[in-house]
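For reference, the chains in residue letters:
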Amino acid sequence: MTTLTRADWEQRAKNLKIEGRALIHGELCEAVSAATFECVSPVDGRLLGLVASCDAADAELAVADARATFESGVWSRLKPVERKKIMVRFADLMDAHAEELALLETLDMGKPISDALSVDVPGASRAIRWSGEAIDKIYDEVAATPHDELGLITREPVGVVAAIVPWNFPLIMTCWKLGPALSTGNSVIVKPSEKSPLTAIRLAQLALEAGIPAGVLNVLPGFGHTVGKALALHMDVDTLVFTGSTKIAKQLMIYAGESNMKRVWLEAGGKSANIVFADAPCLKAAAEAAAAAICFNQGEMCTAGSRLLIERSVKDEFMALLLEAMKGWKAGHALDPATNVGALVDSGHLNSVLSYIEAGHAENAKLLCGGKRTLEETGGVYVEPTIFDNVTNSMRIAAEEIFGPVLSVITFDTTEEAIQIANDSIYGLAAAIWTSNLSKAHLAAKALRVGSMWVNQYDGGDMTAPFGGYKQSGNGRDKSLHAFDKYTELKATWIKL
Ligand code: NAD
Ligand code: MN
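Residues numbered from 1 in each chain as written. Chains lettered and ligands numbered in written order. Predicted model: local features only at pLDDT ≥ 70, side-chain atom pairs only at ≥ 80, totals over all residues. Heavy atoms only, no water.

**A short note on the environment of Leu171**
Just so we agree on the cut-off: A run of H or I in DSSP becomes a helix once it reaches four residues, and a run of E becomes a strand once it reaches two; helices and strands are each numbered from the N terminus. For each residue, the accessible area found with a 1.4 Å probe, counting protein chains only, is set against the maximum for its type, and the residue is called buried under 20%, exposed over 50%, and partly exposed in between. Any two residues whose heavy atoms approach within 4.5 Å are treated as being in contact.
Note that Leu171 resides in helix H6 (residues 170–183). With a relative accessible area of 1%, Leu171 lands in the buried category. On a C-alpha basis, the gap between Leu171 and Pro122 in space is 9.7 Å, while along the polypeptide they are 49 residues apart. In this structure, Leu171 is in contact with Leu101, Glu105, Val121, Ala124, Thr199 and Leu203, ignoring residues within four places of it in sequence.

**Quick notes on the coordination of the manganese ion (ligand 2)**
Quick reminder of the rule: Counted as donors are N, O and S atoms no farther than 2.8 Å from the metal, or 3.2 Å for Na, K and Ca; water is not among the atoms, and sites may therefore look incomplete.
Protein-derived coordination of the manganese ion (ligand 2) comes from Asp108 (O), Asp108 (OD) and Lys195 (O), at a distance range of 2.1 to 2.3 Å. You can see Asp108 sitting in helix H4 (residues 98–109) and its partner Lys195 sitting in the loop between strand S8 (187–191) and helix H7 (198–210), a full 87 residues away along the chain. Judged by its relative accessible area of 2%, Asp108 is buried.

**Observations concerning the site of ligand 1**
Let me state the cut-off plainly: A cutoff of 4 Å decides nearness: a residue is near a molecule or strand if any of its heavy atoms lies inside that distance of it. In the analysis that follows, any N or O atom pair within 3.5 Å is treated as a polar contact, provided that within protein one partner can donate a hydrogen and the other can accept it, and provided that, for residues neighboring in sequence, both atoms belong to side chains. All amino acids are sorted into three groups, where Ala, Val, Leu, Ile, Met, Phe, Trp, Tyr, Cys and Pro are nonpolar, Asp, Glu, Lys and Arg are charged, and the leftover types, Gly among them, are polar. Residue ranges assigned to each domain were obtained from an automatic or database domain assignment.
Inspection of the region around ligand 1 gives 28 residues, with Lys191, Glu194, Ser245, Ala268 and Glu401 positioned closest. Glu194 places a side-chain nitrogen or oxygen 2.7 Å from an oxygen atom of ligand 1. Note that a nitrogen atom of ligand 1 is positioned 2.8 Å from one of the backbone N or O atoms of Ala268. Breaking the shell around ligand 1 down by element, the ones donating at least two residues are helix H8 (224–233), strand S10 (239–243) and helix H9 (246–258). Classifying every residue of the shell around ligand 1 by side-chain character gives 15 nonpolar, eight polar and five charged. The two domains that each donate at least three residues to the shell around ligand 1 are domain 1 (18–137 + 156–268) and domain 2 (273–462).

**Points about the sheet that holds strand S5 (residues 141–142)**
Cut-off, in case you're wondering: Two strands are said to pair when DSSP picks up at least two bridges between them.
Read across the open sheet, the three strands follow the order S5-S6-S23; overall the sheet is antiparallel. The open sheet has two free edges, formed respectively by S5 and strand S23 (488–496), since each of these has just one partner strand. Both strand S6 (residues 149–157) and S23 contribute to a ladder of nine bridges, which runs antiparallel. Each residue of the ladder has a partner; that of Leu150, found in S23, is Ile495.

**Topic: the domain arrangement of the protein**
Stated formally: Buried area is calculated as the accessible area (1.4 Å probe) missing from two parts once they are joined, with the contributions of both summed.
Annotation of the protein at the domain level lists domain 1 (18–137 + 156–268) and domain 2 (273–462). Between the C-alpha centres of domain 1 and domain 2 there is a distance of 30 Å. In this complex, domain 1 contributes 23 residues to the contact, which on the side of domain 2 involves 29 residues. Contact with domain 2 buries area across many residues of domain 1, yet Pro42, Val43 and Trp167 alone supply 24% of it, more than any other trio.

**A look at the state of the cysteines**
Defined simply, a disulfide is a covalent bond joining two cysteines at their sulfur atoms. Convention followed: Disulfide: a pair of cysteine sulfur atoms within 2.5 Å of each other.
Taken as a whole, this structure holds zero disulfides when the rule is applied. With no disulfide of its own, Cys39 lies 14 Å from the sulfur of Cys54, the closest cysteine sulfur. Residue classification places Cys39 among the buried positions, given a relative accessible area of 3%. In this structure Cys295 is a free cysteine whose sulfur lies 7.8 Å from that of Cys369, the closest cysteine sulfur available.

**Let's talk about the UniProt feature "domain: Aldehyde dehydrogenase" (unreviewed entry) in the protein**
What counts, and what does not: UniProt positions are given in the numbering used here, feature names are shortened, and annotations may be inferred rather than shown by experiment.
The feature "domain: Aldehyde dehydrogenase" (unreviewed entry), as annotated in UniProt, sits at residues 35–492 in this numbering. Across residues 35–492, the secondary structure splits into 40% helix and 20% strand, with the terminal C-alpha atoms separated by 46 Å.

**Overview of unusual backbone geometry**
One non-glycine residue, Asn364, lies in positive phi territory at about 65°. With respect to the helices and strands, the residue Asn364 is situated in the loop between helix H12 (347–362) and strand S14 (366–369). Residues other than glycine seldom take positive phi values, yet Leu375 does so here, at roughly 55°. Within the secondary structure, Leu375 sits in the loop between strand S15 (373–374) and strand S16 (382–383).

If you want it as structure tokens, here you go:
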């Protein structure tokens, strides 16, 4: 928790340098076309600045530069221990600039400043540090070869990586990619979301300052259908890593098939079930976690606990506890350190969230709290945390990802029914179960088709564990040593002695 007040943050915001240019080979530059777009803060509607609107011409320059840098060996052939030192220095610099990075993140995408400072910046620097520290501790393999032969199984960097990232955790999502991609020696081009380009540009400057050579980390701000598409279709990008919506993820697979069959790793959407059984160890703790699971980061969470499945016999008791817990989650000005629900990312997204609230009414779900836009006098884009009861799993508010603080409550009677409902989704990112019964917990955890499974908690995890989805939530995993697989090719070298 910061000791700075809202007035302090406002003062810093006034003095904050906003850098909106692209960064190629260590140099800040305008887009080739000189086009820009406006970066407007959802916190209060202020214009933060103009940002370079890159397109295919910029992608051409950045990919050529990343390739040349990779081939030069200045980073790709550096000793792992040296890469480690620089990655750790990069993480240290992020921590040293925590307040600046947090403020940029909050102004750009609306999350509460306290979260940006306590969650986003430390989470991002940890991803860089953890991956960097690992790189001189990983060994390759020797096959079980005959006496007169030697089989080596080695990992090599893929070469040029394009990383297309979303706006909900701009720093963390970028660093989940950069940590393993840079540590393994690749050259990377980051395409931040047009809704949150600022921290990626600042990060790349800090990377340079830490000693990551020019050309190893290039940043191209701009739109998905222009520069994002150009990178995805590029014949000289070896690997494309993505976090974002399922719709765009599918499109990227098509682009890869239409171009050079680049490897495509996708972290996409979710509609996660939070299942509370009558034998939960503590209903109050479950209710508090359920509120956090839909309110944290304004519900703009791929892992949001957006479907609450509650066992009928404890429903009344649980719902009273949940409504009580929701009183602790209130939309507030994002620069106020006491705020825990900030602004939605922009007015387009606000309209999308409000249209889902209308859909809930239209399908006769029962509104229990929230349901309206709020704090309009700030000039910002805020919505009240919202709960719908009497939801069935086929309603749009239960089937589609809303990506806002809108919870759908579904009632069940048996364990089998709960698992069937939870799995009845195109998504498979995460799920939680609350029970005191050990066998039930393990059996349900096995039955749920998701990449992250929580028991008697919501949203646990760390760099030490892989993160990613089943089904249309994606493929591949971020975090942990498993993530390194995405950024390396496996080579078998067979030697006759
Ligand atoms: P989005 O798919 O709209 O955009 C993601 C990125 O893709 C942006 O940088 C965008 O500019 C780019 N893009 C858009 N169209 C493109 C195209 N045709 N070609 C290339 N690039 C293109 O998603 P979003 O709205 O930024 O983020 C929200 C989504 O991200 C949600 O669905 C959420 O679940 C998902 N998400 C998933 C995870 C995860 O780890 N699974 C984490 C965070 C967010
Ligand atoms: Mn923005």
